[in-house]
Amino acid sequence: MSANQETELLRFITCGSVDDGKSTLIGRLLFDVGQVFDDQMTALDDASNKYGTQGQERDYALLVDGLEAEREQGITIDVAYRYFRTPKRAFIAADVPGHEQYTRNMATGASTAQIAIILIDARKGVLAQTRRHASITSMVGVKNVVLAINKMDLVGYSKATYDTIVTDFTRHAKELGFSEIAAIPICAILGENVTTKSANMVWYDGPHLLEYLENVAPFPISHSEFRFPVQWVNRPNLDFRGFSGTVSSGTIKLGQQIIVSSSLQTSRVARICTYDGDLSEASQGQAITIVLEDEIDVSRGDVLSLASSQLRSRKTSDAKILWFSSAAMRLEKDYVIKHATSQTNAKITNIKSALDFATLQEVMADGLAMNGIGSASISLSRPLLVEPYEINRDLGSFILIDKISNETVAMGLFQGQTKPTSNGRKTQFENLAKLAFPNIENPNQTAQKALYGLAISSIATFSMALLVTNSFAISALLAFLDFAFKPVIWFLFLRDAREKAEAALANIDGSGI
């Protein structure tokens, strides 16, 4: 794709809660811009008679929902991509599901989008799933949002209803960091304010949806210097050894010195090979094979950078996580992490906070429920070259896979190193809890209960001593000693019990198994 074509292409998603009209909107867009052929119209009319939800009218959602299960249930399950163009611009639209159980599919569609159209049913207003989709949209770096208040015909084209929804959404969305929120009242099924202005909403003086999409300038994505994740060691014969992959960011030229992320070995670029011949330089998005002047150790998963780069691989990092699995998140459990072209083991060592979808505020948490979003610390079994997601989307994103079930349990985005906050005290407490209760699945909660028990015991000791001695000082001293020495005795008891258990296991020869 040429540079000019790239600037003309706009990728957007339609998201929001269930039955807000996402598929209908894309179907209506395709119809109104003349991207539906005669045979497709015939098939649409037949499908509308069989599966339609609009009575005797055409159901434009069926232009997008093609799976049998989607048509039978009248919902979107998988992400559906549709390409269309107008004289001004080309578009790739992604229709994502609104049901909570398919949130992972929504995140997949949002990860490649430049613009998000968040639909809201004018009758229902802002719902929990609306806020969840808005949060995921922000999480994956989308900065331009269209707030499409749909089904305005069902509320009598009320400006008051429109204003209330816009105010409610923008108040919550302040926490999400969008650079622009363009609110447009629409009726997708009738095409009002979709590709033409509506005569029923003369109080709205902004652009219709297509006009906005044709003229919007997406928020620019920051890029780091040259990064090249090696996908394949290309060795077709004894005389050629190159390293194939796609340039993640930056530019590389012949003769430039590079460094390998894992070994920190350096060499110079001897050739930049492509299917169409050698190049003198290559830039972001190009699939190339790099041949080096020296025979150095480079494998799949390594990242080539300019030798002048100060970025180095690391084994720990902070990340924003979207938890997919219905199984509870377990700290310190080994997962497989897939990051760019590399794969290794990883653990979630600490949950710093979770997002409250009701307020869109970060709150303290011990874990994440299904479809929850939170900030966490990740520990890797070997160093990886990672960058913040807002700088490099390839090296800033990852997925976590359960090693037993092979289920993708989470997606994550690496963040820059965060400054110490009040959560640092929480982290210290959790580390002490893990030390005191190493074999407990939730040591943090167990330690909290133990502290409550100690506090009650100390209060009881103080009260009894005060009744007996009638001395405040002696009573306070006895209460302090009770609080201080009980944990020490408990810790020594647990250590002794653990040592005896390990010794007993060591004496078992396995003959009875």
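The paragraphs below set out a description of the structure included in this document. (Residues numbered from 1 in each chain as written. Predicted model: local features only at pLDDT ≥ 70, side-chain atom pairs only at ≥ 80, totals over all residues. Heavy atoms only, no water.)

What follows covers the packing of helix H5 (residues 103-110) against helix H6 (residues 128-139). Relative orientation of the contacting elements H5 and H6 amounts to 40°, with a least axis distance of 10 Å. Classified by the interaxial angle, the pair formed by H5 and H6 is oblique. H6 is crossed by H5, and the crossing has right-handed handedness. Side by side, H5 and H6 meet where Thr-103, Met-106 and Ala-107 of the first sit next to Gln-129, Arg-132, His-133, Ile-136 and Thr-137 of the second. Residues that form the contact of H5 with H6 fall into these classes: 3 nonpolar, 4 polar and 1 charged. (Axes fitted to C-alpha atoms, helices over the stretch in contact; angles between N-to-C directions. Helix = DSSP H or I, 4+ residues; strand = E, 2+ residues; numbered from the N terminus. Parallel < 35°, antiparallel > 145°, perpendicular 65-115°, else oblique. Left-handed = near helix turned anticlockwise from the far one by under 90°. Contact = heavy atoms within 4.5 Å. Nonpolar A, V, L, I, M, F, W, Y, C, P; charged D, E, K, R; others polar.)

Tracing the backbone through its elements, the reader meets Val-291 in strand E15 (residues 287-292). In this structure Val-291 comes out as buried when scored by relative accessible area, which is 12%. When the C-alpha atoms of Val-291 and Ser-244 are compared, they prove to be 9.1 Å apart, with 47 residues separating the residues in sequence. (Buried < 20%, exposed > 50% of the residue type's maximum accessible area, 1.4 Å probe, protein only.)

On to the side chain of Ser-375. Structurally, the position occupied by Ser-375 is in strand E21 (residues 373-384). Given a relative accessible area of 12%, Ser-375 falls into the buried group. Discounting chain neighbours no more than four positions away, the residues touching Ser-375 are Ala-319, Lys-320, Asn-350, Ile-351, Lys-352, Ser-353, Glu-362 and Gln-415.

Now for the pattern of salt bridges. One pass over the full model with this rule turns up 13 salt bridges. When the shortest N-O distance is used, the salt bridge between Asp-163 and Lys-159 registers 2.8 Å. Here the residue Asp-163 and the residue Lys-159 both occupy positions in helix H7 (residues 159-173), the gap between them amounting to 4 residues, near one helical turn. By relative accessible area, which is 38% here, Lys-159 ends up partly exposed. Here Lys-333 and Asp-402 are joined by a salt bridge, their closest N and O atoms 2.7 Å apart. Linking Lys-333 in the loop between strand E17 (314-323) and strand E18 (335-339) with Asp-402 in strand E22 (residues 397-402), this pair joins segments that are 69 residues apart in sequence. Look at the salt bridges and you will find they share partners, linking Asp-121, Arg-123 and Lys-151 into a network. (Salt bridge = Lys/Arg side-chain N within 4 Å of Asp/Glu carboxyl O.)

Burial analysis of helix H2 (residues 22-32) places 9 of its 11 residues in the buried class, the great majority of the element. Regarding H2, the residues found buried are Lys-22, Ser-23, Thr-24, Leu-25, Ile-26, Gly-27, Arg-28, Leu-29 and Leu-30. The inward-facing, buried residues of H2 contact strand E1 (9-16), strand E2 (80-85), strand E3 (90-95), strand E4 (115-121) and helix H8 (209-215). Two residues or fewer after H2 comes Gly-34, characterised by a positive phi angle close to 75°.

It is worth spelling out the sheet that holds strand E5 (residues 144-150) at this point. In space, the 6 strands of this open sheet follow the order E2-E3-E1-E4-E5-E6, with mixed pairing throughout. Whereas interior strands pair on both sides, the edge strands pair on one side only; in this sheet they are E2 and strand E6 (180-185). Each strand of the sheet is rotated relative to its neighbour by a mean of 25°, with strand direction disregarded. Alignment of E1 against E3, held across 6 bridges, turns out to be parallel. (Pairing = 2+ DSSP bridges.)

In terms of nonpolar packing, the biggest core is built from 67 residues, with Phe-12, Ile-13, Ile-117 and Leu-213 touching the most fellow members. Here the element with the most residues in this core is E4; it accounts for 6 residues. Residue-level mapping places this core at the junction of two domains, with at least three residues from each of domain 1 (9-215) and domain 3 (313-414). Leu-213 has contacts with Leu-10, Phe-12, Arg-89, Phe-91, Ile-115 and Ile-117, leaving out every residue within four places of it along the chain. One finds Tyr-335, Ile-348, Ala-365 and Ala-376 within the second-largest nonpolar core, a separate group that totals 22 residues. (Core = buried A, V, L, I, M, F, W, Y, C linked by side-chain atoms within 4.5 Å. Domains from an automatic or database assignment.)

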